[in-house]
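Summary of the model geometry
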Amino acid sequence: MSGAVPEPPGTSAPCSIVLVGLMGAGKSNIGRRLAARLHLPFVDADAEIEAAAGATIEEIFERYGEAYFRAGERRVIARLLDGPPHVLAAGGGAFMDAETRARIRRGGISIWLRADLELLLSRVARRDNRPLLKDGDRRTILAALIERRHPIYAEADIIVDSIDGPPELTLAHVLAALKAFRAGEATTEAGDLARRGAGT
Ligand code: S3P
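The notes below deal with the structure included here.

Cut-offs used in this document
Residues numbered from 1 in each chain as written. Predicted model: local features only at pLDDT ≥ 70, side-chain atom pairs only at ≥ 80, totals over all residues. Heavy atoms only, no water. Near = heavy atom within 4 Å. Polar contact = N/O pair within 3.5 Å; in protein donor to acceptor, adjacent residues only side chain to side chain. Areas by Shrake-Rupley, 256 points an atom, 1.4 Å probe, with all protein chains shown as cover. 1 Å grid on protein atoms, 1.4 Å probe; cavity = no way out; pocket = protein on both sides within 12 Å on 5 of 7 lines; lining within 4 Å. Sits in = over half its atoms within 2 Å of the grid points. Nonpolar A, V, L, I, M, F, W, Y, C, P; charged D, E, K, R; others polar. Phe/Tyr/Trp six-rings, centres within 6.5 Å; stacked < 30°, edge-to-face > 60°. Helix = DSSP H or I, 4+ residues; strand = E, 2+ residues; numbered from the N terminus. Buried < 20%, exposed > 50% of the residue type's maximum accessible area, 1.4 Å probe, protein only. Lys NZ or Arg CZ within 6 Å of the ring centre and 35° of its normal. Pairing = 2+ DSSP bridges. Axes fitted to C-alpha atoms, helices over the stretch in contact; angles between N-to-C directions. Salt bridge = Lys/Arg side-chain N within 4 Å of Asp/Glu carboxyl O. Bend = angle between axes of the 7 residues up to and from the residue. Contact = heavy atoms within 4.5 Å.

Taken together, 13 residues surround the ligand, and among them Lys27, Asp46, Arg70, Arg130 and Arg149 come closest. At 2.7 Å from an oxygen atom of the ligand is found a side-chain nitrogen or oxygen belonging to Lys27. Contact between the ligand and Asp46: an oxygen atom at 2.7 Å from a side-chain N or O atom of the residue. About the coverage of the ligand: the protein hides 95% of its 390 Å² of free accessible area. Using a 2 Å cut-off from the grid points, one finds that the ligand occupies the largest pocket. Partitioning the shell around the ligand into residue classes produces five nonpolar, three polar and five charged.

Under the criterion given, the structure shown has three aromatic pairs. Seen from their ring centres, Trp112 and Tyr153 are 5.8 Å apart, and the 45° between their planes marks the pair as tilted. Remark: Tyr153 occurs in helix α7 (residues 138-153) and Trp112 occurs in strand β4 (residues 108-114); sequence separation between them is 41 residues. By the burial criterion, Trp112 is buried, and Tyr153 matches it. Between the NZ or CZ atom of Arg114 and the centre of the ring of Trp112, over which it lies, the distance is 5.5 Å.

In sheet architecture, strand pairing relies on hydrogen bonds along the backbone and comes in two forms, parallel and antiparallel. One open sheet accounts for five strands, arranged β2-β3-β1-β4-β5; its pairing is parallel. The two strands at the open ends of the sheet, each matched to only one other strand, are β2 (42-44) and β5 (158-161). Each strand axis lies, on average, 25° off the axis of its neighbour in the sheet, ignoring direction. Direction of pairing for β2 relative to strand β3 (residues 87-89): parallel, over a ladder of three bridges. Across the sheet, Val43 pairs through a bridge with Leu88, a residue of β3.

Now for the pattern of salt bridges. Taken as a whole and judged by the stated rule, the model has 14 salt bridges. Across the pair Glu73 and Arg70 runs a salt bridge, and its minimum N-O distance is 2.9 Å. You can see Glu73 and its partner Arg70 sitting in helix α4 (residues 66-82), three residues apart, about one turn around the helix. When the shortest N-O distance is used, the salt bridge between Arg138 and Asp128 registers 3.3 Å.

The next point concerns α7. Along its length, α7 shows its largest kink, about 35°, at Glu147, and proline Pro151 lies within four residues downstream of that point. Buried within α7 we find Ile141, Leu142, Leu145, Ile146, Arg149, His150 and Tyr153. Residues of α7 that are buried in the fold lie against β1 (16-20), α4, β4 and α6 (117-124).

Below, the structure written as structure tokens:
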């Protein structure tokens, strides 16, 4: 059989890297640093959604509601992943959407930046513009989100703990995990090719 076989994510061909995880996990901070190290552009999905809508995330939630925001998020992430490779910081809810999750799986390597409740709480305290955290006690809301979302984030290709310390340390763990993942994929692919070759 001839013809181009699409390169699966994780092989030597550059593909997009998508950071997922809860608000305050450090997706944008680590994403920016990761992009610089990999010489890839950095894209923040929330900023792209705001640019596309001509409104802030807060305004979108207020005026049109969460479902509208999620539909925009789905479209924007699909568009971004159709473009050239980059490092993408996805909003905390993006990976919860089955369609977006499938799109990320097809178009990139996903990395869950895992953080515990205390770390998330300390980090989200720095900003007051997250609609999901406005209606109630942040600890209670985040604890419920951890309960609901962590099992889904666990489907990411790579899991790295976001450290309460210098971001460069978390970045180092991300880079090491990415390297191991890519090596594993390459090994799997080489094995697959060898098996396929042997069988024909
Ligand atoms: C959300 C997280 C936010 C933003 C929106 C909804 C969520 O992004 O997309 O407020 O559902 O967790 P960050 O995770 O970048 O704060």
